[in-house]
Amino acid sequence: MFQHHLISLASKTIRSTSTMSASKYFSDTILTRSRVLSRRDVKGESHQKEKETGLTRTSTSSNQTDSVNPSTSSLASKINRKRSHIKIKVEYNKDEFNDSDCVPNHVKKEDVKELKSDLKHENITQNSDWEPNMWRDQLQNIVVMRKDRNAPVDTMGCDVISDCRASPEVYRYQVLLSLMLSSQTKDQITSAAMKKLREHGCTIENILSTSDKVLGELIYPVGFWRRKVEYIKKTSEILKTQYNGDIPSTIETICKLPGVGPKMAYLVMKCAWNQIEGIGVDTHVHRISNRLGWMKKTTKQPEDTRKALQDWLPREYWSDINHLMVGFGQQTCLPVNPKCSICLNKDICPYGKSQLRYSKKIKQKIKTEIKSEIKTEVKDEIKTEVKEEI
Ligand code: SF4
């Protein structure tokens, strides 16, 4: 149906622009299609993220004002009208927190080699009878594509942007806070907010004595910053009164903290407590696992993906899979328009294969349409010329 619409759109465009060159036409058509896909896919992705984190927007007005600077109320009305065009400039230094020597659990390049050789190892503990076809090759290809470790998550992940030189309790608190800030927020923005928080003094006592207004200004423009101010304050109070100034150390207790879901809890266990209790499945891991065919049945929620992955993926890989996939999702397997044509998995990924087949088919159809349109136009021109001559 969509293909038919695209072809008919292409035909109309050709008729109205008979002087347009074929190459220009191709680029225009493909751009039009990607815009249509982008809006739809982005909407779905955003909806998915909201479900995953539980941060559902309660009303149109709260949705729109979530990104408004507390000190710029006049700007708020403009943003309300044109929210989709907001561009926030955040200054950050990507090497600011890249202190990998100091980070307890940061994956280093040596680990990449180890993981790759592990994949060939025959004595991997298999979790279940079922496993996806080709997962070892697919994962190995991702390891190769991620060998440079230069995705945003590598230099701005929760473990890297927390102060590893602080006391263990403060480090763990910062890991928790950076994960809370990271929900619905780009790594660059989370990293900039953590930098400001650390400069301000990112300890439980200090955050509790900071006013909501100042805290909001420190973490702005992270997604849902107003609600996160509330969550951070409540969480800090709980940590002070119930956990003696430290963070809880079980998935169940971490999940009870305001604004903390299972994905965060598993990452907190890994990064703060160095314990692998499960796989931290965010929107990247969820999307890529489904695209690669790693789910027995397509899953709708990240939490379902986590359970399904844990059913078959050997425990040896639970620790690194989030970091690997998040970076891969940030650089190659993008939410919209994944770069399948340059992906090492393009021949063994069901989604990638269908994408490439589809775009090849569309290109071929459009080519045929153009050829036949050109033939008709040439015929018409010749007919007109002959008539004039007669
Ligand atoms: S082929 Fe495409 S969809 Fe599949 S893993 Fe690679 S980028 Fe993602």
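As a starting point, this report considers the structure included with it. (Residues numbered from 1 in each chain as written. Predicted model: local features only at pLDDT ≥ 70, side-chain atom pairs only at ≥ 80, totals over all residues.)

## Notes on the overall build of the protein chain
A tally of helices and strands in the protein chain yields 18 helices and 0 strands. A burial count over the protein chain gives 32% of its 390 residues as buried. Across the protein chain, the fraction of contacts at a sequence separation of at least 24, relative to all contacts at a separation of at least 6, is 67%. (Helix = DSSP H or I, 4+ residues; strand = E, 2+ residues; numbered from the N terminus. Buried ≥ 20, exposed ≤ 12 C-beta atoms within 10 Å, placed from the backbone. Contact = placed C-beta atoms within 7 Å.)

## Quick word on the nonpolar core
Residues L176, M180, A193, I219 and V268 are the most contacted members of the largest nonpolar core, which totals 68 residues. Of the residues forming this core, the biggest block, 9 residues, is contributed by helix α8 (residues 168-182). The residues that make up this core include at least three from each of domain 1 (108-120 + 127-149 + 281-360) and domain 2 (151-277). (Core = buried A, V, L, I, M, F, W, Y, C linked by C-beta atoms within 7 Å. Domains from an automatic or database assignment.)

## Regarding the environment of P152
Within the secondary structure, P152 is located in helix α7 (residues 152-156). Classification of P152 by C-beta neighbours within 10 Å gives partly exposed; the count is 17. For the pair P152 and V326, spaced 174 residues apart in sequence, the C-alpha separation works out to 9.1 Å. Discounting chain neighbours no more than four positions away, the residues touching P152 are D187, Q188 and Q330.

## Looking at the site of the ligand
Lining the immediate surroundings of the ligand are 13 residues, of which C333, C340, C343, C349 and G352 lie closest. For the shell around the ligand, the per-class residue count stands at 7 nonpolar, 3 polar and 3 charged. (Near = placed C-beta within 6 Å. Nonpolar A, V, L, I, M, F, W, Y, C, P; charged D, E, K, R; others polar.)

## Considerations on the packing of helix α15 (residues 283-291) against helix α17 (residues 318-331)
As a packed pair, α15 and α17 sit with axes 8 Å apart at the nearest point and diverge in direction by 80°. By the criterion of interaxial angle, the relationship of α15 to α17 is roughly perpendicular. The segment α15 lies against α17, with H284, V285, R287 and I288 engaging I321, N322, M325, V326, F328 and G329. Residues of the contact of α15 with α17, tallied by class, amount to 6 nonpolar, 3 polar and 1 charged. (Axes fitted to C-alpha atoms, helices over the stretch in contact; angles between N-to-C directions. Parallel < 35°, antiparallel > 145°, perpendicular 65-115°, else oblique.)

## A look at the packing of α8 against helix α9 (residues 187-200)
Taken N-terminus to C-terminus, the directions of α8 and α9 make an angle of 140°; their axes are 9 Å apart at the nearest point. Between α8 and α9, the angle is such that the two are oblique. Along this stretch, α8 crosses α9, giving a crossing that reads as right-handed. Contacts from L177, S178, L181 and S182 in α8 reach T190, A193, M194 and L197 in α9. Split into classes, the residues belonging to the contact of α8 with α9 amount to 5 nonpolar, 3 polar and no charged. (Left-handed = near helix turned anticlockwise from the far one by under 90°.)

## Looking at the environment of L267
Its location among the elements puts L267 in helix α14 (residues 262-271). Along the sequence, L267 and V175 sit 92 residues apart, while their C-alpha atoms lie 9.0 Å from each other. Sequence-distant contacts of L267, that is, excluding residues within four places in its chain, are made with C158, L179, G280 and N322.

## Here we look at unusual backbone geometry
Looking along the chain, the bond that leaves Y220 and enters P221 is cis, with omega of 10°. Position of P221 relative to the elements: it lies in the loop between α11 (212-219) and α12 (225-242). Here Q184, not a glycine, exhibits a phi torsion of approximately 60°, which is positive. Position of Q184 relative to the elements: it lies in the loop between α8 and α9. What makes Q184 partly exposed here is the crowd of 18 C-beta atoms within 10 Å.

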